[in-house]
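Given next are the chains, with one letter for each unit.
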Amino acid sequence: MTDPTDEPKTPSVIADHNSNAVGNISAGGDISGNIHIGNVMGYTSEQVAVLITHIQSTFQAKPFDGRCPYKGLDVFEEEDAELFFGREKLVDDLVSRVKDSRTVFVTGPSGSGKSSLVRAGLIYALKQGAIKGSDRWLYATMKPGRDPIGELGRVVSSLASSTNPEDEIRAKAMGDATIFARWCEIALKEGRDKRLVLFIDQFEEVFTQISNEEERVAFLNLLTHAATVENGRVIILFSMRSDFVSNCATYPQLNALLNMQFVQIGAMQPDELVSAIAQPALRVGLRIDPDLIVQIINEMKGEPGALPLMQFALKDLFDSQHEKSGVPALILNDYLQRGGIHKALERHADDSFSKLSIKGRSWLAPSSAANRDRTRHTRYETHRHVR
Ligand SMILES: Nc1ncnc2c1ncn2[C@@H]1O[C@H](COP(=O)(O)OP(=O)(O)OP(=O)(O)O)[C@@H](O)[C@H]1O
Ligand SMILES: [Mg+2]
């Protein structure tokens with residue numbers, strides 16, 4: 001365990017210029033002999049320093065460009081792909097699933113990085129042409145929300161540049177399961193190899209936001225038909241919290257879809273975490289201390305839901321150092337002074353909660369009726385609401 005009063009023992013490093021290297025970091029024999037940190041395989045700070053030097057050698061150093069390299073509690077969007085690391089193996093796996101199948105379910109615990117993985121990982125890779133021709137496919141992302149059929153209609157309308165699909169899907173969805181797929185085919189026009197990729201993020205909303213069972217069934221029928229109709233060109237990607245997997249069992253066609261391509265994402269491994277923490281900092285031209293990385297990985301204890309805490313603490317550290325010194329260096333001592341991953345979020349929550357109106361506070365209380373489904377929410381989700 002590092003003594004909080006120690007100066008970092010390993011020298012920090014600076015990124016090189018104009019990054020364009022992507023992919024996994026790997027280091028050779030220098031870092032063999034992993035050690036256990038808590039219940040996970042981790043690295044010593046010397047080993048992390050070797051990994052950082054390796055990362056550093058893959059692109060050219062540049063001066064700090066002013067950007068915050070971390071997202072805090074926010075999802076990584078496609079435009080953040082340049083700073084999205086640590087999920088390379090999973091992205092490759094998902095791309096090959098999309099090659100073979102017209103549906104993929106990405107599940108995982110709350111906050112494990114599902115939405116970011118699909119947005120900044122898979123969809124970004126597909127748009128870059130990860131599959132032959134996929135750079136010319138059509139893409140859309142939606143959340144079910146309270147009006148999933150209307151949302152589906154709006155998505156197709158924007159792809160087809162016409163309001164007709166929305167009107168017709170709304171009017172016919174309850175009795176015609178083919179209407180969505182047919183409009184998708186119209187939006188795709190000619191080109192047998194072309195595909196329409198629809199990402200339904202936070203799919204669990206189908207079970208938490210829709211009170212009308214007929215509407216839920218109609219929405220599910222539109223999706224299952226589009227994903228299974230013979231020679232169809234619609235690919236549907238789902239992200240859903242693992243605790244809602246059993247809800248799918250009530251709907252046989254949806255359940256069959258889930259069984260076709262089911263991926264549960266877990267905690268990032270230490271090498272992936274080193275990448276997720278160090279790469280973004282180095283890419284924007286910041287110094288980062290290997291001891292800091294070891295400390296954070298240690299504090300995360302291998303838990304898949306600790307990713308938001310990690311992000312939040314890193315952004316908190318960046319913001320405070322940026323304010324102080326303009327060109328921040330991310331080092332362990334400053335981080336420890338701010339209290340580590342749990343304290344950072346606690347401070348933020350207390351601050352945000354004190355700014356909330358009485359109504360807002362009662363909405364967040366787990367006992368309120370409106371919050372029935374939110375009792376499963378982790379502390380991080382509450383923070384997402386407070387912001
Ligand atoms: N590869 C990554 N590297 C670093 N941070 C990440 C990574 N992926 C996700 N995160 C961070 O983890 C947190 C959760 O990400 P995200 O919202 O994508 O997860 P989720 O599983 O979709 O969450 P939810 O269960 O709320 O839908 C965010 O703070 C995000 O910035
Ligand atoms: Mg999500």
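Here the structure is a predicted model, which means the values were calculated and not measured.

A. Fine view of the nonpolar core. Counting residues in each nonpolar core, the largest one holds 95 residues, and the members touching the most others are F180, I236 and I293. Lining this core are residues from two domains, each supplying at least three of them: domain 1 (29-72 + 270-348) and domain 2 (87-264). Residue contacts for F180: discarding those within four places in its chain leaves L152, V156, I169, L222 and A226.

B. Broad picture of unusual backbone geometry. Although it is not a glycine, Q202 sits at a positive phi angle of roughly 50 degrees. Phi is positive for K301, close to 55 degrees, though the residue is something other than glycine. Summarising the element assignment, K301 is placed in the loop between helix 11 (290-300) and helix 12 (307-325). Assessed through the 12 C-beta atoms surrounding it within 10 Å, K301 is described here as exposed.

C. Examining the site of ligand 1 more closely. Of all residues adjacent to ligand 1, which total 24 residues, the nearest are G113, S115, S116, A276 and L307. Every element with two or more residues in the shell around ligand 1 is listed here: helix 3 (114-127), strand 6 (234-241) and helix 12. Split into classes, the residues belonging to the shell around ligand 1 amount to 7 nonpolar, 11 polar and 6 charged. Residues from two domains meet in the shell around ligand 1; each of domain 1 (29-72 + 270-348) and domain 2 (87-264) gives at least three.

D. Fine view of helix 5 (residues 164-172). Those residues of helix 5 not exposed but buried are P165, E166 and I169. One side of helix 5 holds all its buried residues, which, seen down the axis, span an arc of 100 degrees. For helix 5, the exposed residues lying more than 90 degrees away from the buried face are D167 and A171. Against the buried residues of helix 5 lie helix 4 (148-160) and helix 6 (179-188).

Definitions and cut-offs
- Residues numbered from 1 in each chain as written.
- Chains lettered and ligands numbered in written order.
- Predicted model: local features only at pLDDT ≥ 70, side-chain atom pairs only at ≥ 80, totals over all residues.
- Core = buried A, V, L, I, M, F, W, Y, C linked by C-beta atoms within 7 Å.
- Buried ≥ 20, exposed ≤ 12 C-beta atoms within 10 Å, placed from the backbone.
- Domains from an automatic or database assignment.
- Contact = placed C-beta atoms within 7 Å.
- Helix = DSSP H or I, 4+ residues; strand = E, 2+ residues; numbered from the N terminus.
- Near = placed C-beta within 6 Å.
- Nonpolar A, V, L, I, M, F, W, Y, C, P; charged D, E, K, R; others polar.
- Arc of directions from axis to C-beta.

These figures capture arrangement, not role.
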